[in-house]
Amino acid sequence: MGTSWKLLLLMSVTSILTDDQEERGPEFVHEPQEQIITAGEDLRRVTLPCEAQGNPPPRYRWFQNGSLLQPEDTPRYHLVGGSLIVDAPSELTDSGTFQCLASNSVGSVLSHEARLRFSYLGNFSDHQRGPVSVREGQGVVLMCSPPPHTTEVCYSWVYNALPRSVEEDNRRFVSQVTGNLYIAKATPADVGSYLCLLKDKRSSRRVLSPPTSLTLRTDGAMDEYEPKIEVHFPTVVQVLQGSTASLECFALGNPVPTINWRRVSGNLPSRARLRKSRAVLEVPNVQAGDAGTYECRVQNFRGENVVRGFLLVHSRPQWIRTINHTTLDSGQALHWECRAAGKPRPSYRWLKNGETLVSQSRVVVRNSLLTITSVNRSDTGMYQCVAENKHGKLYSSAELRILASAPSFELNPLQRDILVCVGHDLLIECKPKSSPKASLSWSKGRKPLVDARVKISAEGTLHISGVTHADSGTYTCRAENVFGTSSSTTTVHVKEATEVDLIPGRMEVTVAESVVLTCRVSHDRSLQPQVRWALNGHPINFLTEGSHFEHIQAQPSSADLMIRDIQLRHAGIYSCRADTPADSASDSAELLVRGPPGPPGIVIVEEISASTATLSWSHARDNHSPITHYNMQARSPFSLGWQTLRTVPETITGDLESATATALHPWVDYEFRVVATNAIGTGDPSVPSRVIRTQEAVPSVAPANVSGGGGRRGELVIAWEPVSEEFQHGQGFGYIVAFRPNGTRAWREAMVAATSTCRYVYQDDSLQPLTLFQVKVGVYNNKGDGPFSPVTLVYSAEAEPETAPSNVTATSLSASEVLVSWESLPERSRPPQGYQVSVWMDSASQHSVRMVSTGGNTSSLLVDGLEGHTSYRVSVRAFNTAGSGPSSPPSLVTTKKSPPRQAPHNLRWHQDGSSVSLGWDPVRNQDNESEVAGYKVLYQREGQAQSEVVETRETAAVVPLPHDGVYIIRVRTVSEGGDGASSPQIRVSLSPGADANSCAPPPASPTSVTLILALVLPSASW
């Protein structure tokens, strides 16, 4: 009988566990929230949402003020899903607290409480209010006496009539607590009718009080008096964390009092702000750290008054620790704790399936702790921890599952076959699924395991140390609890252990060399090992590193690793690992790679002078070859890349970490770096140092290529090549120009401050032309004067030519060219620099002159670009560096008529062997054109720039064509006005033995000559 109920329970539990859709208790997705309904609002229905997830899908019930609602008994209530719909909500029947209960076969959970509120703003009483009479200068309070209301309102006052409202300032204040209007000191301007206005913040509904009249008494003004605080905050102000704390303080007094705030225990919060002329202190988003004593001090010169209050910050409960879904085996103990922060400190209660849980029997409820000893299936369900204070409630929900089942290996059976090697340890885990926990036992074959090498852990794991071949066989784990037994079997196969030997065990190589590592593997013959290679613990990727690594395995017992073109990064520990289904073995070898040094450490400039820099650095990695020496390099804006420096010591040995660079240029920005060298080579440079400038020094380089001469009369022009900025050596750089007449002793000096200047002009009207001077140019800066250049001889400016060229003649050569000739000036001192020819039309003014210059002491000049058959005036004058001399008297010349515009036409040609006979119609010139004196036949081989010319006075010519190919032929007229227009081009293709003419095409034969006649416009080159 006992066995049958255990089997029935086991089948029931198994069916639950194997169900495709596991049961889950309800969990809320949407919960009801507080809703406020404004009185008079035409609201037809209210929806309180409630939705939960679970399996099976939850069912829903609702509670109002703790009592279960029966929607079927109340027509205005009905459920849509889990949400409660209230039709035509009424304050009388529907106000209060609502909760949703979601249930399924696992359990039930209660939602948060949601309050349904009805807001209300009544009307003022119609009772007439009496007038208020005060003396001028006296303070006054006008009472609002608001009507009953349950909504949040805003107070203001109307003066005389809408829409004129009372403006609040340091003299007038409207309290948002009482609604009263406070006037610190009455004036005649305050006389009038006042109405208190209430505005509903939710609905914007407004109500007005009956008017209150304010009048001034006639018995004189009020004397000055000390402040009297009429509006002040309570002794203790409770405010909820995250809301806005608002403290009011206002006093009556004459003169009008000033208001000041402070926090007795420290500074005001950074978020605090003063409003309404300092009468209101607001602290938005108030936090616990804002709590403390606040003081309002009012004063005028008649006295002062103070009020204090403590700001107490409360907070709603907030979870610190919640409960979580828990699954226990039958008989275990449950320990749940929930914890919440809040002020006042929250209290706790526990619910099971929506009902209050109290201590009884195995259940202990102690504030935030819930303990159930020796759980059983009756404890399954949904539990909730409720933390609450006067500001709110929190619900934390969790499902408790109790497992009860016979042992089962279905989800975690023993491995069918297990391979283990001789000498190794055998571990077999036995983990059946059972509840409560099963007791475990092991057997080999049909016999229990009894051996000193055999151990069984408390968790049921079988451990056999030092396995031998005798340990091969079948092993069974048997599990048993109160609900039944189960077993699982595995077969153990014992194999020979794998061993690996990697040779050589250590190697030293140089960068770019190649090596081979050999991995020898001994293994059980029934197993196939797989060899893997690693460098410093990371597998070698033969795809990406194929240019350096190659895996070679000709037989299972041996594998080679070929490493080609070794680099520094290939140094390290190489491991060969052989894996079989039974075990793994590995061996390692060290590869040491010698190479050029690494970069030295950070370079620091320790000292800097005008020409030296002391640097320090940290040693570079020698990469297994001692560093022989370091080189120091520098770069400046004036260098071509990095330059090796001279140093002290001259050779920087590898054990040094500091040296001094010499021969630097003063006042230059430098970067420094250090490079290490060993027997293998030179390594990468260090990171450059920071840019640093050498100190200033006196310039050491004089200007080069000092020269001069030229200029105007009375000037001495001195020029030189500027000194590069690299050699200026400091600020305030400039030049010292020194000069003296040749043969004298005293030097005259001039300072030129501009660094880019390369010329100096000395002016003296009494200076004779071509006076010989000794000249030198030096340099200076703020540090002092530098060297001068070698002395050189320079002449002062010469005088302008004094006479005009004589015997000036102008001869017309063509319609556009005139040859101007003259006699050169006599060489009394220096020849002129050149001559300037002025040409202008005889009919035009001399202002439209055209000037053409020629250099040197020449005596003729060809002027072209003139108009044909036109008279021109021509004059000539000499010039030199000092200026121009007088012009010669103008000479008259007339250009020849223009050449004929008509080109030769009707060209005819005949080829005879290597020559072409041409003929054309004669060209007749117009009256305004030069007569035709003859013709030019121009021909050239295609692709050549040089043209050959045949001249003739006839209208025919023979043109020799000495080579095969294509020839271009043109004809133009010749006249005293120049060459005329060219005829259209003729293209002749010439082959050996050709014979053709322009009138008949050649016969078709293999030896015929092809002649192509093409008429094209003359090109610009013609």
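Draft legend 1. Quick peek at the overall build of the protein. Regarding its fold elements, the protein presents two helices and 89 strands. Here the C-alpha atoms of the protein give a radius of gyration of 59 Å, more than 25% beyond the 31 Å that 2.2 N^0.38 yields for 1022 residues. Principal-axis analysis of the C-alpha atoms gives the protein an extent of 150 × 125 × 90 Å. When the 1022 residues of the protein are sorted by exposure, 42% land in the buried category. Residue pairs in contact within the protein that sit at least 24 positions apart in sequence constitute 64% of those at least 6 positions apart. Carbon and sulfur atoms make up 49% of the accessible area of the protein, which amounts to about 53,500 Å² in all. When the 94 positive and 102 negative side-chain charges of the protein are each reduced to one mean point, those points stand 8 Å apart.

Draft legend 2. Structural view of the state of the cysteines. For the structure shown, the criterion picks out six disulfides. A sulfur-sulfur separation of 1.9 Å characterises the disulfide bridge that pairs C249 with C296. Looking along the S-S bond of the C249-C296 disulfide, the torsion reads about -80 degrees, which is the left-handed sense. You can see C249 sitting in the loop between β22 (245-248) and β23 (250-254) and its partner C296 sitting in strand β27 (residues 292-300), a full 47 residues away along the chain. You can call C249 buried: its relative accessible area is 0%. Accessibility expressed as a relative area gives 0% for C296, which makes it buried. Shown here is the disulfide that connects C519 with C576, its sulfur atoms set 1.9 Å apart. What sets the handedness of the C519 and C576 disulfide is the S-S torsion sign, and at about -80 degrees it is left-handed. Pair noted here: C519 is in strand β50 (residues 515-522) and C576 is in strand β55 (residues 572-579), with a separation of 57 residues, a long-range link. Residue C519 is classed as buried on the basis of its relative accessible area of 0%.

Draft legend 3. A look at unusual backbone geometry. Between K343 and the following residue, P344, the backbone shows a cis peptide bond with an omega angle of 0 degrees. Residue placement: P344 occurs in the loop between β31 (339-343) and β32 (347-352). I503 connects to P504 through a cis peptide bond whose omega is -10 degrees. By secondary structure assignment, the location of P504 is in the loop between β48 (499-503) and β49 (506-510). Despite not being glycine, S361 has its phi angle at roughly 50 degrees, a positive value. Along the chain, the position of S361 falls in the loop between β33 (355-356) and β34 (363-366). When its relative accessible area of 77% is taken as the criterion, S361 is described as exposed.

Draft legend 4. Fine view of the confidence of the model for the protein. Counting all residues, the mean pLDDT for the protein is 87, and 94% of those residues have values of 70 or more. Confidence drops under a pLDDT of 50 for residues 1-20, and excluding neighbours within four residues, the segment shows 10 contacts in the predicted structure. In this model residues 999-1022 is a low-confidence stretch, pLDDT under 50, and it forms 42 contacts with partners more than four residues away in sequence or in other chains.

Draft legend 5. Representation of a nonpolar patch on the surface. Residues L813, L819 and L862 make up a contiguous nonpolar surface patch of about 230 Å² in total accessible area. Within the secondary structure layout, L862 lies in strand β78 (residues 860-863).

Draft legend 6. Inspection of the side chain of R970 at higher detail. Along the chain, R970 falls in strand β87 (residues 965-975). Buried and without a salt bridge, R970 has D979 as its closest oppositely charged side chain, separated by 9.0 Å. In this structure the side chain of R970 is engaged in a polar contact, spanning 3.5 Å, whose partner is the side chain of S982.

Draft legend 7. Spotlight on the pattern of salt bridges. Across all of its chains, the model carries 46 salt bridges by this definition. A salt bridge links E337 to R321; the nearest nitrogen and oxygen atoms lie 2.6 Å apart. One end of the pair, E337, is in strand β30 (residues 334-337); the other, R321, is in strand β28 (residues 303-321), and 16 residues separate them in sequence. When its relative accessible area of 38% is taken as the criterion, R321 is described as partly exposed. Through salt bridges with shared partners, a single ionic network connects R262, E295, R297, E304 and R308.

Draft legend 8. Local environment of the pairing of strand β68 (residues 734-741). Extensive coverage of β68 is indicated by the burial of seven of its eight residues. Where β68 lies against strand β71 (residues 772-781), eight bridges are found, and the strand directions are antiparallel. Looking at the pairing, F739 lines up with V775 of β71. Where β68 and strand β69 (residues 748-752) come together, five bridges link them in antiparallel fashion. Each bridged residue has a counterpart across the sheet, and for A738 the counterpart in β69 is E749. Hairpin geometry of β68 and β69 is characterised by an intervening segment of six residues between the two adjacent antiparallel strands and by a positive phi of about 100 degrees at G743.

Draft legend 9. Seen up close, the packing of aromatic side chains. As enumerated under the stated definition, the model contains 14 aromatic pairs in all. Ring plane angle 55 degrees and centroid distance 6.3 Å describe the contact between F549 and Y574, whose orientation is recorded as tilted. Of the two residues, F549 is situated in strand β53 (residues 549-555) and Y574 in strand β55; the sequence distance between them amounts to 25 residues. The pair formed by F549 and Y574 is uniform in burial state, with each residue classed as buried. Centroid distance F733 to Y735: 5.3 Å. Interplanar angle 80 degrees. Geometry classified as edge-to-face. Overall, the relative accessible area of 0% leaves Y735 in the buried class. Linked through ring pairs, F739, Y760, Y762 and F773 together constitute an aromatic cluster. Residue placement shows K776 over the ring face of W747; its charged tip is 4.4 Å from the ring centre.

Draft legend 10. Structural context of the sheet that holds strand β75 (residues 818-823). Taken together, three strands build an open sheet; the order of strands is β74-β75-β78 and the sheet is antiparallel. A single partner strand is all that each edge strand has here, and the edge strands are β74 (806-812) and β78. With direction set aside, neighbouring strand axes in the sheet form an average angle of 15 degrees. Across five bridges, β74 lies against β75 in antiparallel orientation.

Draft legend 11. Expanded view of the side chain of S975. As for its placement among the helices and strands, S975 is situated in strand β87. With relative accessibility at 9%, the residue S975 sits in the buried group. Apart from the residues lying within four places of it in its own chain, the contact partners of S975 are P899, P900, S930, E931 and A933.

Draft legend 12. Expanded view of the sheet that holds β48. Here four strands make up an open sheet; going across it, the order is β48-β50-β54-β53 and the pairing antiparallel. Edge positions in the sheet fall to β48 and β53, since each of these pairs with one other strand and no more. Across the sheet, the axes of successive neighbouring strands diverge by a mean angle of 20 degrees, strand direction being ignored. Where β50 meets strand β54 (residues 558-563), six bridges bridge the pair, whose relative direction is antiparallel. Bridge pairing links T518 to D560 in β54.

Draft legend 13. A look at the nonpolar core. Judged by nonpolar contacts, the single largest core of 27 residues is most densely connected at F250, W261 and C296. Contributions of two or more residues to this core are made by β20 (225-231), β21 (236-240), β22, β23, β24 (258-263), β26 (280-283), β27 and β28. V500, I540, A589 and V593 belong to the second largest nonpolar core, which has 24 residues in total.

Draft legend 14. Representation of the environment of G445 in the model. Note that G445 resides in the loop between β42 (439-444) and β43 (447-448). Placed 29 residues apart in sequence, G445 and T474 show a C-alpha to C-alpha distance of 5.4 Å.

Draft legend 15. Up close: the pairing of strand β64 (residues 669-678). Among the 10 residues that make up β64, nine are buried, leaving the element largely enclosed by the rest of the structure. In this sheet, β64 lies alongside strand β59 (residues 627-635) in antiparallel orientation, the contact comprising eight bridges. Bridge pairing links I627 to N678 in β64. Alignment of β64 against strand β65 (residues 692-693), held across two bridges, turns out to be antiparallel. Bridging from a neighbouring strand, D669 pairs with R693 of β65.

Parameters at a glance
Residues numbered from 1 in each chain as written. Predicted model: local features only at pLDDT ≥ 70, side-chain atom pairs only at ≥ 80, totals over all residues. Heavy atoms only, no water. Helix = DSSP H or I, 4+ residues; strand = E, 2+ residues; numbered from the N terminus. Rg over C-alpha atoms; globule rule 2.2 N^0.38 Å. Buried < 20%, exposed > 50% of the residue type's maximum accessible area, 1.4 Å probe, protein only. Contact = heavy atoms within 4.5 Å. Areas by Shrake-Rupley, 256 points an atom, 1.4 Å probe, with all protein chains shown as cover. Lys, Arg positive; Asp, Glu negative; His and termini not counted. Charge placed at Lys NZ, Arg CZ, Asp CG, Glu CD. Disulfide = S-S within 2.5 Å. pLDDT = per-residue confidence, 0-100. Patch = residues over 30% accessible without salt bridge, like charges linked within 9 Å, V, L, I, M, F, W, Y side chains within 5 Å. Salt bridge = Lys/Arg side-chain N within 4 Å of Asp/Glu carboxyl O. Polar contact = N/O pair within 3.5 Å; in protein donor to acceptor, adjacent residues only side chain to side chain. Pairing = 2+ DSSP bridges. Phe/Tyr/Trp six-rings, centres within 6.5 Å; stacked < 30°, edge-to-face > 60°. Lys NZ or Arg CZ within 6 Å of the ring centre and 35° of its normal. Axes fitted to C-alpha atoms, helices over the stretch in contact; angles between N-to-C directions. Core = buried A, V, L, I, M, F, W, Y, C linked by side-chain atoms within 4.5 Å.

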